[in-house]
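Observations on the three-dimensional arrangement
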Amino acid sequence: NYVLENLKHADFIFIISLLIIDNSDNPEYFIYKFNLSNKDKKRILFLNDFFKNYLPSKKLNEKYMNQVFYFNGKESLMDIINFKIFKSKKIDQDLIKTIRIFNDKKIPSMPFGANILMSKFGLKEGRELGKKIKIIEEEWVNNNFQLSEKEVEKIVNN
C-alpha cells in the first residue's frame, strides 16, 4: 500500500501537516504555539493554502504542478502530491506516476534572460524589462518549460 509504505518515510513536518490541516485555524495556532523554523512554518502554511484552495478540485493539472515545481521547488511539489494522495479515499495511480517523473526531474533554468532580451530584442534595462521577463517566465512555465523565440518576440512587442 502506497500510503503505508510512504508514511514510514515521511518526515515530522509532513506528518504534523496531515494531522493539523483542516478547515480550522489549527495550522496557524500550531505555528504560533510551537517554536518552528521559518522553513517549517512556510511549508505548513503552503500545504494549508493548498488544502484550502486546490485540494477540493479533482485533479492536479500539469500546469499547476509545473508552477509549484519551478517557483516553490521539488519538496513543495512532492508535499502537495503526497498530501493529496494521503488525504484521498482512493489512491490516484496517475499521481504516483507523476511522483516518479518529477523525482528525477531537475528544475530547468529559463533560457530567456535579461541579456538576451536586451541584445536580441533591444529592450532597455529597467522596470519594463522586468515586467516582460516575468510574463515570459510565466508563459514558459505554463507551457511545460517551452517557448519559441517567436512567442517571446510576441510578448516583447506587446
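Here's a quick rundown of the structure. (Residues numbered from 1 in each chain as written. Predicted model: local features only at pLDDT ≥ 70, side-chain atom pairs only at ≥ 80, totals over all residues. Heavy atoms only, no water.)

1. Here we look at unusual backbone geometry
Backbone geometry at Asn-144 places phi at a positive 60°, although glycine is not the residue there. The partly exposed category is assigned to Asn-144, whose relative accessible area is 30%. Although it is not a glycine, Phe-145 adopts a positive phi angle of roughly 65°. Considering the arrangement of structural elements, one finds Phe-145 in the loop between helix 9 (127-142) and helix 10 (149-157). Residue classification places Phe-145 among the buried positions, given a relative accessible area of 13%. (Buried < 20%, exposed > 50% of the residue type's maximum accessible area, 1.4 Å probe, protein only. Helix = DSSP H or I, 4+ residues; strand = E, 2+ residues; numbered from the N terminus.)

2. Some points on the packing of aromatic side chains
Taken as a whole and judged by the stated rule, the model has 11 aromatic pairs. Ring geometry for Phe-69 versus Phe-102: centroids 5.1 Å apart, planes at 65°, classification edge-to-face. Of this pair, Phe-69 sits in helix 5 (residues 62-72) while Phe-102 sits in helix 7 (residues 93-103), placing them 33 residues apart in sequence. The class for Phe-69 is buried, based on a relative accessible area of 0%. Phe-102 gets classed as buried once you look at its relative accessible area, which sits at 5%. Between Tyr-70 and Phe-145 the ring centres are 6.0 Å apart and the planes differ by 55°, which places this aromatic pair in the tilted class. (Phe/Tyr/Trp six-rings, centres within 6.5 Å; stacked < 30°, edge-to-face > 60°.)

3. Re the pattern of salt bridges
Across all of its chains, the model carries 6 salt bridges by this definition. A salt bridge links Arg-43 to Asp-11; the shortest N-O distance between them is 2.9 Å. Here Asp-11 lies in the loop between helix 1 (2-7) and helix 2 (12-20) and Arg-43 lies in helix 4 (residues 38-53), a separation of 32 residues in the sequence. The shortest N-O distance in the salt bridge between Glu-128 and Lys-132 comes to 3.8 Å. One end of the pair is Glu-128 and the other is Lys-132, both in helix 9 and 4 residues apart, which spans about a single turn. Overall, the relative accessible area of 44% leaves Glu-128 in the partly exposed class. Here the salt bridges do not stand alone but share partners, grouping Asp-11, Lys-39, Arg-43, Glu-75 and Asp-79 into one network. (Salt bridge = Lys/Arg side-chain N within 4 Å of Asp/Glu carboxyl O.)

The analysis is restricted to geometry; functional conclusions fall outside its scope.
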